[in-house]
Amino acid sequence: MGRQGEGKTIERRAFWNSHRDGLVDLFVGLLLALSALVRPDHMWWVWNSSGLVLVLGGPYFKRRITEPRVGLFVPCEVTRNRDLLRIGCLAPAGLVVEAALIGLLVGMKAGRFTVLEPWFPLLVGGALAALLAALAGLLRLNRFLAYSALVLAAFLLARLTETPARLWAVGASCAITLCGLFLLVTFLSRYPPQENMDG
């Protein structure tokens, strides 16, 4: 039990170090900003393209920025299997929510569901907040729960004050982006590149 507990502590420390770079935070802030700036019927292209960028570009930036400073984080088999199970559950759920929002938008443009039209931005904000909460669980980063609450609060305030949701979303995205920049600058100053990671 002692060795197992020590192994978990080492893995947890390596995991936290690998996520102190703020890269995911920057990605989320920029994604939220793009979502706020584009037209609602173009938002799905932003979300799907951004997901592809995260999958393909994320490892590249980790190799260029994170690994030369804190090394490569390789989770144990149990952690990998658990994360794969979470992704396997979250990905279909996300697609269902996205399809439902697209269907609702198309219906509103056709003159149906008019009663829901004032609430549509809040539904989108709820979807974004749920995505951030899911990321918090997947990445085991509590700060993404704070981001989720911030985004939901922004869209709620937009609805309550009857002001454009875009303005509130841009404000929330700026706050998240600034947090990401702070984390990145702190990470770069605290962990200089190592000449020989194996040494």
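Source: prediction; values computed, not measured. (Residues numbered from 1 in each chain as written. Predicted model: local features only at pLDDT ≥ 70, side-chain atom pairs only at ≥ 80, totals over all residues. Heavy atoms only, no water.)

S.K.: Run through the overall build of the protein, naming residues and quoting values.
M.R.: Looking only at helices and strands, one finds 7 helices and 0 strands in the protein. Start at the N end of the protein and walk to the C end: the helices and strands fall as α-α-α-α-α-α-α. By residue count, 35% of the 199 residues in the protein fall in the buried class. Restricting to contacts in the protein with at least 6 residues of sequence separation, those with at least 24 account for 74%. If you sum the accessible surface of the protein, you get close to 12200 Å²; carbon and sulfur atoms cover 70% of it. (Helix = DSSP H or I, 4+ residues; strand = E, 2+ residues; numbered from the N terminus. Buried < 20%, exposed > 50% of the residue type's maximum accessible area, 1.4 Å probe, protein only. Contact = heavy atoms within 4.5 Å. Areas by Shrake-Rupley, 256 points an atom, 1.4 Å probe, with all protein chains shown as cover.)

S.K.: So what about helix H5 (residues 120-139)? Which residues, and what values?
M.R.: Its 20 residues give H5 an end-to-end C-alpha distance of 28 Å, which sits within 8% of 28 Å, the value for a rise of 1.5 Å per residue. One or two positions beyond H5, positive phi appears at Arg 140, with a value near 55°. (Expected span 1.5 Å × (residues − 1).)

S.K.: Run through the confidence of the model for the protein, naming residues and quoting values.
M.R.: Taken residue by residue, the protein gives an average pLDDT of 81. The fraction at 70 or more is 81%. Element-level pLDDT for the protein is lowest in helix H1 (residues 2-18), with a mean of 52, against a maximum mean of 94 in helix H6 (residues 143-161). (pLDDT = per-residue confidence, 0-100.)

S.K.: Go over the pattern of salt bridges, please, and point to the residues and values.
M.R.: Applying the stated criterion across every chain yields a total of 2 salt bridges. Residue Lys 62 is joined to Asp 21 by a salt bridge in which the shortest nitrogen-to-oxygen separation is 2.7 Å. Linking Lys 62 in helix H3 (residues 43-70) with Asp 21 in the loop between H1 and helix H2 (23-37), this pair joins segments that are 41 residues apart in sequence. The pair Lys 62 / Asp 21 is uniform in exposure class, with both members buried. For Arg 143, the salt bridge identified is with Asp 25, shortest N-O distance 2.6 Å. Residue Arg 143 is located in helix H6, and its partner Asp 25 is located in helix H2; the two are separated by 118 residues in the primary sequence. (Salt bridge = Lys/Arg side-chain N within 4 Å of Asp/Glu carboxyl O.)

S.K.: Which residues make up the side chain of Asp 21, and what are the values?
M.R.: The buried category is assigned to Asp 21, whose relative accessible area is 1%. Engagement of the side chain of Asp 21 in a polar contact is seen with the backbone nitrogen of Leu 23, the distance being 3.1 Å. The contact partners of Asp 21, leaving out residues within four places of it in the chain, are Lys 62, Thr 66, Gly 180, Leu 183, Leu 184 and Phe 187. (Polar contact = N/O pair within 3.5 Å; in protein donor to acceptor, adjacent residues only side chain to side chain.)

S.K.: Any details on a nonpolar patch on the surface? Residues and values, ideally.
M.R.: A cluster of nonpolar residues, Leu 157, Leu 160, Leu 167 and Trp 168, forms a patch on the protein surface that exposes about 420 Å² of accessible area. Mapped onto the secondary structure, Leu 160 falls in helix H6. With a relative accessible area of 69%, Leu 160 lands in the exposed category. (Patch = residues over 30% accessible without salt bridge, like charges linked within 9 Å, V, L, I, M, F, W, Y side chains within 5 Å.)

S.K.: Which residues make up the packing of H3 against H5, and what are the values?
M.R.: Between H3 and H5, whose axes approach to 14 Å, the crossing angle comes to 5°. Considered as vectors, H3 and H5 are oriented roughly parallel to each other. Residues Met 43, Trp 44 and Trp 47 of H3 form the contact with H5, whose own contacting residues are Phe 120, Val 124, Ala 127 and Leu 128. The residue makeup of the contact of H3 with H5, split by class, is 7 nonpolar, no polar and no charged. (Axes fitted to C-alpha atoms, helices over the stretch in contact; angles between N-to-C directions. Parallel < 35°, antiparallel > 145°, perpendicular 65-115°, else oblique. Nonpolar A, V, L, I, M, F, W, Y, C, P; charged D, E, K, R; others polar.)

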